Amino acid sequence: MKKKIVFSLVCCVLLGAAGCLAFQRAEAAGQGKAVDYSLENSWAYFENGEDGREADVFFICPTVYGGSAEAPNLSLEDEETKESFLGAINMEKGIYDEDCRFFAPYYRQIGLSVYELSDQEQEKYLETAYEDVEDAFQYYYDHENEGRPIVLAGFSQGAELCLKLLEECFDQEELDRQLVACYAIGWRVTEEDLKEHPYLEFAQGETDTGVIVAFNSEAEEIHDSLMIPAGTKTLAINPLNWKTDGTPADKSLNLGACFTDYSGQIVTEIPQLTGAYIDEERGALKVTDVTPQEYPAGLSLFEDGIYHLYDYQFFYRNLQDNVHRRVEAYLENR
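Along each chain, residue indices are assigned from 1 in the same order as the chain's sequence is written. Since the coordinates come from a predicted model, pLDDT governs what is reported: local features require at least 70, and pairs of side-chain atoms require 80 or more to be given and counted, while whole-chain, interface and lining totals use all residues. Hydrogens and water are ignored here; the side-chain numbers use all heavy atoms of the structure.

A.B. asks: Hey, could you run me through helix α4 (residues 157-169) in this one?
C.D. replies: Along an α-helix, residues three or four positions apart point the same way, because every turn accommodates 3.6 residues. By the criteria applied, helices consist of DSSP H or I runs no shorter than four residues and strands consist of E runs no shorter than two, each listed in order from the N terminus. Multiply 1.5 Å by the residue count of a helix minus one, and that product is the helix's expected span. For α4, spanning 13 residues, the distance from its first C-alpha to its last is 18 Å, which sits close to the expected 18 Å at 1.5 Å a residue. Most of α4 is tucked away, with 12 of its 13 residues classed as buried. The cut-offs for exposure are 20% and 50% of the maximum accessible area for each residue type, with area from a 1.4 Å probe on protein chains only; residues under the lower value are buried, those over the upper are exposed, and the others partly exposed. Here α4 has its buried residues at Gln157, Gly158, Ala159, Glu160, Leu161, Cys162, Leu163, Lys164, Leu165, Leu166, Glu167 and Cys169. Where α4 is buried, its residues touch β2 (55-60), α3 (119-145), β4 (150-155), α5 (173-177), β5 (179-185) and β6 (211-213). The contact criterion used throughout is that any non-hydrogen atoms of two residues lie within 4.5 Å.

A.B. asks: Quick question: what am I supposed to make of helix α8 (residues 316-333) here?
C.D. replies: Between its terminal C-alpha atoms α8 stretches 26 Å, which fits the 26 Å expected from 18 residues at 1.5 Å a residue. Buried residues of α8: Tyr316, Asn318, Leu319, Gln320, Asn322, Val323, Arg326, Val327, Ala329 and Tyr330, and no others.

A.B. asks: Can you help me understand the packing of α3 against α4 in this one?
C.D. replies: A pair of packed helices can be characterised by two numbers: the angle between their axes and the separation between those axes. Comment: axis = line fitted to C-alpha atoms, over the contacting stretch for helices; angle = value between 0 and 180 degrees taken between N-to-C directions. Between α3 and α4, whose axes approach to 10 Å, the crossing angle comes to 65°. Crossing angle aside, the handedness with which α3 passes α4 is right-handed. Residues Leu126, Glu127, Ala129, Tyr130, Val133, Glu134 and Phe137 of α3 lie in contact with α4, whose contacting residues are Gln157, Glu160, Leu161, Lys164, Leu165, Glu168 and Cys169. Amino acids outside the nonpolar list (Ala, Val, Leu, Ile, Met, Phe, Trp, Tyr, Cys, Pro) and the charged list (Asp, Glu, Lys, Arg) are all regarded as polar, and Gly is one of them. A breakdown of the residues in the contact of α3 with α4 according to their chemical character gives 8 nonpolar, 1 polar and 5 charged. Left-handed is the label given to a crossing in which the near helix is rotated counterclockwise from the far helix by less than a right angle, and right-handed is the label when the rotation is clockwise.

A.B. asks: Help me out: how do you make sense of empty space enclosed by the protein in this one?
C.D. replies: Put simply, the grid is 1 Å and covers the protein atoms alone, a cavity is a trapped set of points that fit a 1.4 Å probe, a pocket is an open set with protein on both sides within 12 Å along at least five of seven lines, and lining residues have an atom within 4 Å of a point. Grid points are joined across faces, edges and corners, and a volume is the space filled by probe spheres set on the points. Here the structure, examined in full by the defined rule, presents 2 cavities of 30 Å³ or more. Volume-wise, the second largest cavity comes out at about 30 Å³. What lines the second largest cavity is simply Leu166, Asp176, Leu179, Tyr199, Leu200, Glu201, Gly210, Val211 and Ile212. Residue classes in the lining of the second largest cavity are distributed as 6 nonpolar, 1 polar and 2 charged.

A.B. asks: Explanation requested: the confidence of the model for the protein in the structure shown.
C.D. replies: Caution is warranted with low-pLDDT regions, since their predicted coordinates should not be read in detail. Of the residues in the protein, 90% reach a pLDDT of 70 or more, and the chain-wide mean stands at 90. The predictor rates its confidence in each residue with pLDDT, a number between 0 and 100. Taken as a whole, residues 1-30 scores under 50 in pLDDT and shows 73 contacts with residues more than four places along the chain or in a different chain.

A.B. asks: What exactly am I supposed to notice about the sheet that holds strand β7 (residues 217-218) here?
C.D. replies: For sheets, the rule is that strands pair by backbone hydrogen bonds, running either parallel or antiparallel. Two strands qualify as a pair provided DSSP detects at least 2 bridges between them. Across the sheet, 3 strands lie side by side as β7-β11-β10; this open sheet has mixed pairing. Edge positions in the sheet fall to β7 and β10 (276-278), since each has one partner strand and no second.

A.B. asks: Honestly, the sheet that holds β5 in this entry has me stumped. Any pointers?
C.D. replies: Strand order in the open sheet formed by 6 strands is β1-β3-β2-β4-β5-β6, with mixed pairing between adjacent strands. In the strand order of this sheet, the two ends are held by β1 (43-46) and β6, each with one partner. On average, adjacent strands in this sheet sit at an angle of 20° to one another, irrespective of strand direction. For β2 and β4, the ladder comprises 5 bridges, and the chain directions are parallel. Looking at β4, one finds that Ile60 is bridged to Gly154. Packed on one face of the sheet, α3 meets β1, β2, β3 (100-105) and β4 and runs near 165° to β2.

Quick look at the structure:
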């Protein structure tokens, strides 16, 4: 019997951010000073030391901040939102940390309503967020990496910033060789992006390394979303059969949908919840066997049928297994 599960990821924070805010009034000077990543409290997780895990994951948190006209970027003095920041990370951490030491910085992410602005208007606020991510990565790389394999990972805004980090920093041959994979779940990757940055590669199978793994989940009737605007085609890989074409994957391939809380505990697990296939026109991951009524969008920016909040949750065990397989493949071929 199908169960209706209200996925709690960031909803309690973001649902309060209704309508387009007057971000044009906000000045860059109000976004706060640069973050010092040598300080312990600048990190949600900084798992240094030797513990038997041979790879590292650098994880970028999704949007948990509503935003305001005066503060389009999260202040890292906002302790209440930082609790949600940590909780959102915990909901996805279990996918990665069995195989990798875990590093996740706090950063001055953009608020939800910034996404209602044009791309050009968003840019200066997103640049503040990206500067923090790059600074944090550089600190981690200089002080802790020591040549270890790297998994980049994020969701939603975190995925967008993962891709930007990949574009800006992994053109260096030595660093590029250390990349196991970039799990940029919940954001688009286009052929144009790959042409502009020829050192980027999109995943073609289950165990290739040095590649981008990405998909965006939606119902069959959806034709437009924030992640894949109408007329856009994104690249995608199906997390059930690890194919990049429209080959359907039956729900029997779903190792387990897991719905987690802010501590990271799995509250409900449903094996074989749903199948999926890639829409070859949009590149969206079309999710079968569930309905928008059972799994509502949960955010004002999305109509029901856009399963953005469930991207990790619907395919949790498959993603967990895949991280393990790619790390193993990287270590075997190193």
